[in-house]
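Okay, here's what each chain looks like letter by letter:
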Amino acid sequence: MRLEEACRRFNELAGIRFGDLFSPADMNMIIINKGKTGQLLELSLGMHLSSTNLDFDDGELKTNKCDAAGNPRETVFITQISSVIDELIQERPFEQTHLYEKISNILYVPVCKDGRPEDWMFLPSIHIDLSLRKFSPLRDIWRDDYYSICEQLRYHIENSPDGFIHTSNGTHIQVRSKDARDASGSYHPIYSRVYGRYVSNKNHAFYFQKQFVNDIRRMDRQW
């Protein structure tokens, strides 16, 4: 399925209570599994999406928990950085990065989870394609964020007492820790070939901050 079609289908369902959208059996599954986003999307689109890959044919899916007014309750995960740390340290051109690949064509789907699961609902989704001129303001913000974060990461590595990277913020995008202990109880450190050493004792990831959601909602009204 392509993003444009998914956006249309989600927007047809926007504002409909899950209790009215899904069958009793589906609602029971949602309650038992705490409404995992992938399962909700699979049910609503009538398609079988992999639990590890919710992406579409021509872009990426980004979901977020919000309130009934669409205000974000969480940040939005983009991608982990351990495999591209040297790409960031060396400031590969933004349009050639793994990050750009992940955000150049995205469908943002807010899910309101206020109240009981029966009262949850999808809110209107937003399709962002950076190849289109109308999205150039976002492209500029994200490019500036990328280069600023690259600079911050290098500064942390070279100047922090522990020699590790730390949370780095742009206007919409940030890098912060995202890791879980493995079976042995250990985290997943990040090794840099450029520095020839570990530059973090935990994995980190790119996220969209809440300001991203606020801004694209405002821009969507203007588009």
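Owing to the predicted nature of the structure, the values given are computational and were not obtained by experimental measurement.

## Details of helix α1 (residues 3-13)
Burial in α1 covers these residues: L3, A6, C7, F10 and L13. For α1, the angular spread of the buried residues around the axis is 125°, confining them to a single face. For α1, exposure combined with an orientation more than 90 degrees from the buried face picks out E4 and E12. Directly after α1, the chain includes G15, whose backbone phi takes a positive value near 85°.

## Let's talk about the nonpolar core
Ranked by size, the top nonpolar core spans 35 residues in total, and within it I81, I128, W142, I173, F206, F208 and F212 carry the most contacts. It is helix α7 (residues 136-159) that contributes the most residues to this core, seven residues altogether. Ignoring anything within four residues of it in the chain, the contact list for F208 reads T75, V76, I78, I103, I106, W142, H172 and I173. Counting residues in each nonpolar core, the second largest holds 19 residues, with A6, L41, L61 and V109 among its members.

## Observations concerning the pairing of strand β1 (residues 60-66)
Within β1, five of the seven residues are buried, which leaves it mostly tucked inside the rest of the structure. Where β1 and strand β3 (residues 105-112) come together, seven bridges link them in parallel fashion. Within β3, the position partnered with E60 by the bridge is I106.

## Regarding the environment of E4
Relative to the helices and strands, E4 resides in helix α1. In this structure E4 comes out as exposed when scored by relative accessible area, which is 52%. Between the alpha carbons of E4 and D58 there is a distance of 9.2 Å; along the sequence they are 54 residues apart.

## Regarding the packing of aromatic side chains
The relative placement of two aromatic rings is captured by the distance of their centres and the angle of their planes. The full count for this structure, using the stated rule, is 13 aromatic pairs. The interplanar angle of 90° and the centroid separation of 6.0 Å between the aromatic rings of Y108 and F212 together place this pair among those described as edge-to-face. Highlighted residues: Y108 in strand β3 and F212 in helix α8 (residues 210-222), separated in sequence by 104 residues. Residues W142 and F208 carry aromatic rings whose centres are separated by 5.0 Å and whose planes lie at 45° to one another, so their mutual orientation is tilted. Here the residue W142 occupies a position in helix α7, and F208 occupies one in strand β10 (residues 204-208), the gap between them amounting to 66 residues. With respect to class, W142 is no different from F208; both count as buried.

## Examining the pattern of salt bridges
Counted under the stated rule, the structure contains 14 salt bridges. Across the pair D58 and R2 runs a salt bridge whose closest N-O atoms are separated by 3.3 Å. Within this pair, whereas D58 is found in the loop between α4 (37-45) and β1, its partner R2 is found in the segment before α1, the two being separated by 56 residues in sequence. Its relative accessible area of 24% is what places D58 among the partly exposed residues. Between D119 and R17 there is a salt bridge whose closest N-O contact spans 2.9 Å. Of this pair, D119 sits in the loop between β3 and β4 (121-122) while R17 sits in the loop between α1 and α2 (18-21); the two residues are 102 residues apart in sequence, bridging distant segments of the chain. By relative accessible area, which is 28% here, R17 ends up partly exposed. Three or more residues are tied together by salt bridges with common partners; here these are R17, D20, R116 and D119.

Definitions and cut-offs
- Residues numbered from 1 in each chain as written.
- Predicted model: local features only at pLDDT ≥ 70, side-chain atom pairs only at ≥ 80, totals over all residues.
- Heavy atoms only, no water.
- Buried < 20%, exposed > 50% of the residue type's maximum accessible area, 1.4 Å probe, protein only.
- Helix = DSSP H or I, 4+ residues; strand = E, 2+ residues; numbered from the N terminus.
- Arc of directions from axis to C-beta.
- Core = buried A, V, L, I, M, F, W, Y, C linked by side-chain atoms within 4.5 Å.
- Contact = heavy atoms within 4.5 Å.
- Pairing = 2+ DSSP bridges.
- Phe/Tyr/Trp six-rings, centres within 6.5 Å; stacked < 30°, edge-to-face > 60°.
- Salt bridge = Lys/Arg side-chain N within 4 Å of Asp/Glu carboxyl O.

Limitation: the analysis is restricted to geometry and does not speak to function.
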